Amino acid sequence: MHLTDKEIEIMKIVEENARISVDDIAKMTSLPVLDVEATLKKLEVSNIIVRYAALVDWSKVEEHEGVTAMIDVKVTPKRGVGFDETAKRIYRYEEVSSVYLMSGAYDLSVVIEGKSMNEVARFVSNKLSTLDSVISTTTHFILKKYKHDGTVFSSPEEDKRIVVSP
């Protein structure tokens, strides 16, 4: 779909801050509010804006126990559908948060979230590696996030220096 420069500008603004008001977007782009609303609706209906999300640093929540793993997957592509059919089977699992087709040493990169390393290991051994087209897997556990989707995560030491007024 071909988009105008203003439509792309609106997408970049919303991508940076999904909670920004339509009024603020209108001021930033010098467009009428109704035009911004219509553009957002068009982008949502055409599935260019897929969803609005918050980025949460779960490492700062003591009650949240969980692990994230990135799994490299080598796959035998199927005639006529390539990697798409296998990717679709993988992304349908509840544990899977992302699936990417990659260039390089492996074919798919799968990101999953689990309650423990054992839960991730069970997913890989019982579900992922048993798929017919999966040749091999390599699992990498994320130990700490420094930056995600352009956002730098602060350390607990940096957080102690932040003073929040009541």
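Let me sum up the structure you'll find in this document. (Residues numbered from 1 in each chain as written. Predicted model: local features only at pLDDT ≥ 70, side-chain atom pairs only at ≥ 80, totals over all residues. Heavy atoms only, no water.)

**Topic: the overall build of the protein chain**
Thought 1: Counting its secondary structure elements, the protein chain contains six helices and six strands.
Thought 2: Whereas a compact globule of 166 residues would reach a radius of gyration of roughly 15 Å, the protein chain reaches 20 Å, over 25% beyond that.
Thought 3: Judged by the C-alpha coordinates and their principal axes, the protein chain covers about 55 × 50 × 25 Å.
Thought 4: The 166 residues of the protein chain split such that 25% are buried.
Thought 5: Summarising the internal contacts of the protein chain: among those between residues at least 6 apart in sequence, 57% fall at separations of at least 24.
Thought 6: When the accessible surface of the protein chain is totalled, it reaches about 12,200 Å², and 52% of it is carbon and sulfur.
Thought 7: Of the charged side chains in the protein chain, 22 are positive and 27 negative; the average position of the first set lies 4 Å away from that of the second. (Helix = DSSP H or I, 4+ residues; strand = E, 2+ residues; numbered from the N terminus. Rg over C-alpha atoms; globule rule 2.2 N^0.38 Å. Buried < 20%, exposed > 50% of the residue type's maximum accessible area, 1.4 Å probe, protein only. Contact = heavy atoms within 4.5 Å. Areas by Shrake-Rupley, 256 points an atom, 1.4 Å probe, with all protein chains shown as cover. Lys, Arg positive; Asp, Glu negative; His and termini not counted. Charge placed at Lys NZ, Arg CZ, Asp CG, Glu CD.)

**Let's talk about the sheet that holds strand S2 (residues 96-101)**
Thought 1: Read across the open sheet, the four strands follow the order S2-S3-S1-S4; overall the sheet is antiparallel. In the strand order of this sheet, the two ends are held by S2 and strand S4 (134-141), each with one partner. Each strand of the sheet is rotated relative to its neighbour by a mean of 20°, with strand direction disregarded.
Thought 2: Here strand S1 (residues 67-75) runs beside strand S3 (residues 108-114); their pairing, made up of seven bridges, is antiparallel. Residue pairing across strands places Met70 opposite Val111, the latter belonging to S3. (Pairing = 2+ DSSP bridges. Axes fitted to C-alpha atoms, helices over the stretch in contact; angles between N-to-C directions.)

**Topic: the nonpolar core**
Thought 1: Counting 17 residues, the largest nonpolar core has Ile71, Val73, Ile90, Val110, Ile112 and Leu128 as the members making the most contacts within it.
Thought 2: Elements supplying a minimum of two residues to this core: S1, helix H4 (84-91), S3 and helix H5 (117-128).
Thought 3: When neighbours within four sequence positions are excluded, Val73 is seen to be in contact with Tyr106, Asp107, Leu108, Val110, Leu128, Val134, Ser136 and Thr137.
Thought 4: Counting eleven residues, the second largest nonpolar core, distinct from the first, contains Ile13, Val14, Ile25 and Ile49. (Core = buried A, V, L, I, M, F, W, Y, C linked by side-chain atoms within 4.5 Å.)

**Considering the packing of helix H2 (residues 22-29) against helix H3 (residues 33-45)**
Thought 1: Where H2 contacts H3, the axes come no closer than 9 Å and their chain directions differ by 110°. Between H2 and H3, the interaxial angle falls into the category roughly perpendicular. Only Val33, Val36, Glu37 and Leu40 of H3 make contact with H2, whose side of the interface consists of Val22, Asp23, Ile25, Ala26 and Thr29. (Parallel < 35°, antiparallel > 145°, perpendicular 65-115°, else oblique.)

**What about the packing of aromatic side chains?**
Thought 1: Throughout the structure, instances matching the rule amount to one aromatic pair.
Thought 2: Plain terms: the ring middles of Tyr93 and Phe123 are 5.4 Å apart, the flat faces sit at 90° to each other, and that makes the pair edge-to-face. Taken as a pair, Tyr93 in the loop between H4 and S2 and Phe123 in helix H5 lie far apart in primary sequence, 30 residues in all.
Thought 3: Residue classification places Tyr93 among the partly exposed positions, given a relative accessible area of 23%. (Phe/Tyr/Trp six-rings, centres within 6.5 Å; stacked < 30°, edge-to-face > 60°.)

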